[in-house]
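# What the coordinates show
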Amino acid sequence: MKTVKEIRMEFDSAPVEKWRELYEIYGKDERQGVRKLLEQCRKKEDRLEAEMQRMEQMMQYEKKYEHLGYICGIDEVGRGPLAGPVVACAVILPKNSRILYLNDSKKLTAAKREELYDVIMKEAVSVGLGMAGPERIDEINILQATYEAMRQAVARLSVRPQLLLNDAVTIPGVDIPQVPIIKGDAKSASIAAASIVAKVTRDRLMVKYDETLPEYGFASNKGYGSAEHIAALKQYGPSLIHRKTFITHFV
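Keep in mind it's a predicted model, so treat the numbers as computed, not measured.

### With respect to unusual backbone geometry
Backbone geometry places Asn96, a non-glycine residue, at a positive phi of 55°. Looking at Asn96, the relative accessible area reads 45%, which means it is partly exposed. For Tyr101, which is not glycine, the phi torsion reads 75° and is therefore positive. For Tyr101, the location among the structural elements is in the loop between strand S2 (86-92) and helix H5 (110-123).

Here it is in structure tokens:
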């Protein structure tokens, strides 16, 4: 007779669609450890089914417009910080994408974002990134800088999309049809993917800035106006990556 540990390893190594066969094999085992294991697996199976249904809903816009050709999701991060760039991302997912757990990047843990970043970069048809730095933000204002970063992201795709799904905005100066979606990063898989890639890209950049500018705590606050950041700003003054138009209340 197999031990509970061996049965657990059998479940762990089998794809979920094979679990029902294992339930039949071990369903009559009266050992408490086995019964608990089967209960845990069934709950995990239920959670996975719920996630698959959620992602089916997240693909609603992609499926609605897939007859047009390549559908691209666009999002940005970094409009609100006192320092660092605004980063935009454009993502084209494959039709019938099977990536699970895509969501608004703010609703995910840093570890989950990093995990999904690798999956997106591997499976996406194309990913484009755009960026506007602090000087450009000060020069043309944050909204125009965001649009500029978004246009860059679209231009850097390896294939031309036939439709853009945007998180809430309509990007000026783009000759591709656009569909703005309020809270799109929580409603569209493509926009959610763009949100995640943009967030991870910007967070990694701010961690790098922290290596040369440790006094501001960029690794933890990512340039946002935390109490620690504002105190450092008052003590040390602005760095080269601070947005001058954003810090007039503090310096």
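Picking up after the structure, the text goes on.
### Details of the packing of aromatic side chains
Enumeration according to the criterion identifies four aromatic pairs in this entry. Pairing Tyr216 with Phe218 gives two aromatic rings, centres 5.4 Å apart and planes at 15°, and the pair type is stacked. Phe218 matches Tyr216 in its accessibility class, with the two residues each being buried. Through successive ring pairs, a cluster of aromatic residues spans Phe11, Trp19 and Tyr23. The side chain of Arg243 reaches across the aromatic face of Phe246, ending 5.0 Å from its centre.

### Side note on the nonpolar core
For soluble globular proteins, nonpolar side chains are generally found buried alongside one another. Grouped together as the largest cluster of nonpolar side chains are 23 residues, with contacts concentrated most on Val91, Leu93, Leu102, Leu116, Ile120, Ala189 and Ile196. Among the elements that take part in this core, helix H8 (residues 189-212) stands out by supplying eight residues, more than any other. Look past the residues within four positions of Leu102 in its chain and what remains in contact with it is Glu51, Arg54, Met55, Met58, Leu93, Leu116, Ile120, Ala189, Ala192, Ala193 and Ile196. Ala90, Met150, Val154 and Val174 belong to the second largest nonpolar core, which has 16 residues in total.

### So, the state of the cysteines
Tallying each qualifying case throughout the model produces zero disulfides. Not part of a disulfide, Cys72 finds its nearest cysteine sulfur in Cys89, a span of 8.0 Å. Residue classification places Cys72 among the buried positions, given a relative accessible area of 0%.

So, how was this worked out
- Residues numbered from 1 in each chain as written.
- Predicted model: local features only at pLDDT ≥ 70, side-chain atom pairs only at ≥ 80, totals over all residues.
- Heavy atoms only, no water.
- Buried < 20%, exposed > 50% of the residue type's maximum accessible area, 1.4 Å probe, protein only.
- Helix = DSSP H or I, 4+ residues; strand = E, 2+ residues; numbered from the N terminus.
- Phe/Tyr/Trp six-rings, centres within 6.5 Å; stacked < 30°, edge-to-face > 60°.
- Lys NZ or Arg CZ within 6 Å of the ring centre and 35° of its normal.
- Core = buried A, V, L, I, M, F, W, Y, C linked by side-chain atoms within 4.5 Å.
- Contact = heavy atoms within 4.5 Å.
- Disulfide = S-S within 2.5 Å.

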